[in-house]
Amino acid sequence: MSQAGGNTRPIGLSTSLLRAKSGEERGLLASFQDLSDVRRMQERVRRADRLAAVGELAANVAHEIRNPLAAIANSIDMLRDELPVRGEQRRLMDLVVKESERLNRILDDFLEYARVRPLQTQVGPVQHAVEEVVTLLRCHPDIGEELTIHLEDRTGGRCFACTDEAQMKQVYVNLALNAFEAMQHRGTLTVTLDRAGATTSACPTRRACV
């Protein structure tokens, strides 16, 4: 190893004898080579091998998750059609099926090496997605006896926006989970739907909600 300017570099050394015509040893020739690039290449190869192994394992895990996820969704779908469920029970069953489909899409993205899915935007009521997320969060394991969620809709159910609903639901969930952590899982988390002050360029006839 060699140090230059405080930096350590790997050095390769090769030697060969210098001989006279008579065969007498006259000296030693030493050749030094900076092996930094070689070491970096070796490290990249090792890292690539590790990432490949982790990727293969993750893909296997994702496939194993999809099988029971499909079974759960199909079972709920059958129960929803065969049992006389109404009101809140049917809404919760519908939510399980929809969230199972969303998880399946997330797994699809993951299996495609986390390639970002193109946005699928359309004008729609924001409160539907927010209400489903709130219902889902109320069943989340982080919700205990000391934490409650309150939804306040100041738009009267007339809040529309151009969004990709599936991706926005993931945003809402992440924001809420961050809020739970900041609240130390105590108190009331209030989710408020209200009109913003300006219209969006993508949907000039609708007002966005915050």
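See the structure above.
Residues numbered from 1 in each chain as written. Predicted model: local features only at pLDDT ≥ 70, side-chain atom pairs only at ≥ 80, totals over all residues. Heavy atoms only, no water.

Things to note about the packing of helix H2 (residues 87-111) against helix H3 (residues 126-138)
Threshold: Axis definition: a line fit to C-alpha positions, over the contact stretch in the case of helices; interaxial angles, taken between N-to-C directions, run 0 to 180 degrees. Only runs of H or I of at least four residues qualify as helices and only runs of E of at least two qualify as strands under DSSP, and these elements are numbered from the N terminus. Orientation is classified from the angle alone, with under 35 degrees giving roughly parallel, over 145 giving roughly antiparallel, 65 to 115 giving roughly perpendicular, and any other angle giving oblique. Contacts are assigned to residue pairs that have any heavy atoms within 4.5 Å of one another. Ten residue types, Ala, Val, Leu, Ile, Met, Phe, Trp, Tyr, Cys and Pro, are classed as nonpolar, four, Asp, Glu, Lys and Arg, as charged, and the remainder, Gly among them, as polar.
At a minimum axis separation of 11 Å, H2 and H3 run at an interaxial angle of 95 degrees. The pairing of H2 with H3 is recorded here as roughly perpendicular in orientation. Facing H2, whose interface residues are Arg91, Leu92, Leu95, Lys98, Glu99 and Arg102, H3 presents Glu132, Thr135 and Leu136. Looking at the contact of H2 with H3 residue by residue, the class counts come to 3 nonpolar, 1 polar and 5 charged.

Side note on the pattern of salt bridges
Selection rule: Between Lys or Arg on one side and Asp or Glu on the other, a salt bridge is scored when a side-chain nitrogen of the former is within 4 Å of a carboxyl oxygen of the latter. Partly exposed describes any residue whose relative accessible area lies between the buried limit of under 20% and the exposed limit of over 50%, with all areas from a 1.4 Å probe on protein chains only and scaled to the type maximum.
For the structure shown, the criterion picks out 11 salt bridges. Across the pair Glu132 and Lys98 runs a salt bridge, and its minimum N-O distance is 2.9 Å. A residue pair is termed long-range when its members are at least 10 positions apart, and Glu132 in helix H3 and Lys98 in helix H2 qualify at 34 residues. Residue classification places Glu132 among the buried positions, given a relative accessible area of 18%. Between Glu152 and Arg154 there is a salt bridge; the shortest N-O distance is 3.0 Å. By relative accessible area, Glu152 is classed as partly exposed at 28%. Under the relative-accessibility criterion, Arg154 is labelled exposed at 51%. One network of salt bridges, with partners in common, ties together Lys98, Glu99, Arg102, Glu132, Glu165 and Lys169.

Re unusual backbone geometry
Backbone geometry at Gln184 places phi at a positive 55 degrees, although glycine is not the residue there. Note that Gln184 resides in the loop between helix H4 (165-182) and strand E8 (187-193). Positive phi values are uncommon outside glycine, yet His185 reaches one of about 60 degrees. One can find His185 in the loop between H4 and E8.

Regarding H3
Applied cut-off: Any helix carries an expected span of 1.5 Å times its number of residues minus one.
Under the 1.5 Å per step criterion, the end-to-end length of H3 is 19 Å for 13 residues, consistent within 8% with the ideal 18 Å. Of all the positions in H3, only Val126, Gln127, Ala129, Val130, Glu132, Val133, Val134, Thr135 and Leu137 are classed as buried.

Some remarks on the pairing of strand E3 (residues 11-19)
Selection criterion: A strand pair is defined by DSSP finding two or more bridges across the two strands.
Two elements, E3 and strand E4 (residues 25-34), share 9 bridges in a ladder whose sense is antiparallel. Bridge assignment links Thr15 to a residue of E4, and that residue is Ala30. Between the antiparallel neighbours E3 and E4 lie 5 residues, among them Gly23 with a positive phi of about 95 degrees.

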